[in-house]
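# Coordinates in review
Letter by letter, the chains look like this.
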Amino acid sequence: MKDKLIMTVHVVLDAEGIVGFENSYSRVKMLPFSGTVEGEIFNGIVAPCGVDTQVTNRVGVRNMSAKYMLIGKDKDGQDCHIFVDNEGYFTPDTKPGPFKTVPTFITDSKCLAPYLMRNQFRGEGHSRPDGKGPDILFFEVLYE
């Protein structure tokens, strides 16, 4: 059985707001972003306060931790918020292609809360040709 796509976040990076530093042990970069969201369960925007914090250690493993708020309408047409905590990592030998993440959701949507707060989801990050940010696809993990 194939996992089910539930929504796509079209990230728009704020290139001028990127901050970071590096030393002989690691590199830290914070990438602010906003964007839009579309899917069968939710449609709306990424509030312009999202940030992806990336920490690369001395052997080249990069941990990604993106935290952001979605604002829009749930599948019943009700106004709601979804907080997203999306974690992933890259190793120096990671091949080009989609990167994998593990998202956690918290929402004030009455219809989505029982569904989203089960922690049965995965994410994929896909580069876009415009270079303005990735598309993050969230899937419900389906078990046979």
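All values reported here derive from a predicted model rather than from experimental measurement.

Scoring rules and cut-offs
- In every chain, residue numbers begin from 1 and rise along the written sequence.
- Where totals are concerned, whole chains, interfaces and linings use all residues; where local detail is concerned, this predicted model gives features only for residues with pLDDT of at least 70, and gives and counts side-chain atom pairs only at 80 or more.
- The side-chain values count all of the structure's non-hydrogen atoms but skip hydrogen atoms and water molecules.
- Stacked, edge-to-face and tilted labels apply to pairs of Phe, Tyr and Trp rings (six-membered ring for Trp) whose centres lie within 6.5 Å, assigned for plane angles under 30 degrees, over 60, and everything in between, in that order.
- The way it works is that DSSP assigns letters per residue, a run of H or I at least four long becomes a helix, a run of E at least two long becomes a strand, and they are numbered from the N terminus.
- The cut-offs for exposure are 20% and 50% of the maximum accessible area for each residue type, with area from a 1.4 Å probe on protein chains only; residues under the lower value are buried, those over the upper are exposed, and the others partly exposed.
- Residue contacts follow a heavy-atom distance rule, with two residues in contact if any of their heavy atoms lie within 4.5 Å.
- Take the buried Ala, Val, Leu, Ile, Met, Phe, Trp, Tyr and Cys residues and link them wherever side-chain atoms come within 4.5 Å; each set so joined is a nonpolar core.
- Here a polar contact means two N or O atoms within 3.5 Å. Within protein one must be a hydrogen donor candidate and the other an acceptor candidate, and residues neighboring in sequence count only if both atoms are side-chain atoms.
- A pair of strands is labelled paired if DSSP reports no fewer than 2 bridges between them.

In this structure the tally under the stated criterion is five aromatic pairs. Their ring planes at 85° and their centres at 5.4 Å tell us that Phe105 and Phe121 sit as a pair that is edge-to-face. Note that Phe105 is positioned in strand 7 (residues 99-107) and Phe121 in strand 8 (residues 121-126), a separation of 16 residues in sequence. Neither residue differs from the other here; Phe105 and Phe121 are each classed as buried. Geometrically, the ring pair formed by Phe105 and Phe138 is edge-to-face, given 5.2 Å between the ring centres and 85° between the ring planes.

Quick look at the environment of Ser65 now. Looking at the secondary structure, you find Ser65 in strand 5 (residues 62-74). The class for Ser65 is buried, based on a relative accessible area of 15%. Once residues within four sequence positions are removed from consideration, Ser65 is found in contact with Val51, Asp52, Thr53, Asp85, Asn86 and Glu87.

Ranked by size, the top nonpolar core spans 25 residues in total, and within it Met7, Tyr68, Leu70, Ile82, Leu116 and Phe138 carry the most contacts. Breaking this core down by element, the ones donating at least two residues are strand 1 (4-13), strand 3 (27-39), strand 4 (42-56), strand 5, strand 6 (79-90), strand 7, helix 1 (113-116) and strand 9 (135-140). Not counting residues within four places of it along the chain, the set of residues in contact with Phe138 comprises Lys4, Leu5, Ile6, Met7, Val9, Tyr68, Val84, Asn86, Pro103, Phe105, Arg122 and Gly123.

All right, on to the side chain of Asp135 then. Looking at the element boundaries, Asp135 is found in strand 9. By relative accessible area, Asp135 is classed as buried at 15%. In this structure the side chain of Asp135 is engaged in a polar contact, spanning 2.8 Å, whose partner is the side chain of His10. Discounting residues that sit within four places of it in the chain, Asp135 has contacts with Thr8, Val9, His10, Val11, Glu124, Gly125, His126 and Arg128.

In terms of residue burial, strand 9 counts as a mostly covered element, since six of its six residues are buried. Of the two faces of strand 9, the one holding Asp135, Leu137 and Phe139 and the one holding Ile136, Phe138 and Glu140 are both buried throughout. One ladder, built from six bridges, connects strand 1 with strand 9; its direction is antiparallel. The partner of Thr8 across the bridge, within strand 9, is Leu137. Bridge count between strand 8 and strand 9: six bridges; the pairing is antiparallel.

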